[in-house]
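Overview (structure and organization)
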Amino acid sequence: MARLVKIAHNVFLGVVTQSLAEITLLAEKGGVTRSAFLEFLINSVMGSAFSRYKSPALINLDFKPTFTNILLRKDFDLGLSAARELEVPMPVASATAQLVQAAIGAGHTEDDYGLTARP
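Residues numbered from 1 in each chain as written. Predicted model: local features only at pLDDT ≥ 70, side-chain atom pairs only at ≥ 80, totals over all residues. Heavy atoms only, no water.

**Brief notes about the overall build of the protein chain**
- Along the backbone of the protein chain there are 5 helices and 0 strands.
- Taken from the N to the C terminus, the helices and strands of the protein chain come in the order α-α-α-α-α.
- Along the longest, intermediate and shortest principal axes, the C-alpha atoms of the protein chain span 45 × 35 × 20 Å.
- By residue count, 38% of the 119 residues in the protein chain fall in the buried class.
- In the protein chain, once contacts between residues fewer than 6 apart in sequence are set aside, the share between residues at least 24 apart is 74%.
- Accessible surface computed for the protein chain: about 7200 Å², of which carbon and sulfur atoms make up 65%. (Helix = DSSP H or I, 4+ residues; strand = E, 2+ residues; numbered from the N terminus. Buried < 20%, exposed > 50% of the residue type's maximum accessible area, 1.4 Å probe, protein only. Contact = heavy atoms within 4.5 Å. Areas by Shrake-Rupley, 256 points an atom, 1.4 Å probe, with all protein chains shown as cover.)

In structure tokens:
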């Protein structure tokens, strides 16, 4: 059970990171600075320990690897395999796994999993 909990956690990490990257880019494209948007977010009801942790890297475009796309793909593969075995639909995780695979296919194998937040 501990293994499944860790895998589920990392699948959630990937999905949340992708969502955070997407909304940050949306706000930025709309004229809001990354720093203003992320400050608003982390101080809102949607703020979390994770968004506070990841915001400085997103603001500064600091993508030193903390968890690589290769490692994240492995956890998505394991999580989606468990979901198939347990008959649990995971459409959001499946879509995010494809984005991670696309990043790997584009050569971003050792890049940080937050790569999609680049402008």
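**Regarding the nonpolar core**
- Formed by 21 residues in total, the largest nonpolar core has its most connected members in Leu20, Leu38, Leu72, Phe76, Ala93 and Tyr113.
- Of all elements in the fold, only helix H1 (2-29), helix H2 (34-42), helix H3 (49-59), helix H4 (69-86) and helix H5 (91-105) reach the threshold of two or more residues within this core.
- A total of 6 residues in this core trace back to one element, the largest contributor, which is H1. (Core = buried A, V, L, I, M, F, W, Y, C linked by side-chain atoms within 4.5 Å.)

**Description of the packing of H2 against H3**
- Where H2 contacts H3, the axes come no closer than 10 Å and their chain directions differ by 180°. Our classification of the angle between H2 and H3 gives roughly antiparallel. Where H2 abuts H3, its residues Arg34, Ser35, Leu38, Leu41 and Ile42 lie against Ser51, Arg52, Ser55, Leu58 and Ile59.
- Classifying every residue of the contact of H2 with H3 by side-chain character gives 5 nonpolar, 3 polar and 2 charged. (Axes fitted to C-alpha atoms, helices over the stretch in contact; angles between N-to-C directions. Parallel < 35°, antiparallel > 145°, perpendicular 65-115°, else oblique. Nonpolar A, V, L, I, M, F, W, Y, C, P; charged D, E, K, R; others polar.)

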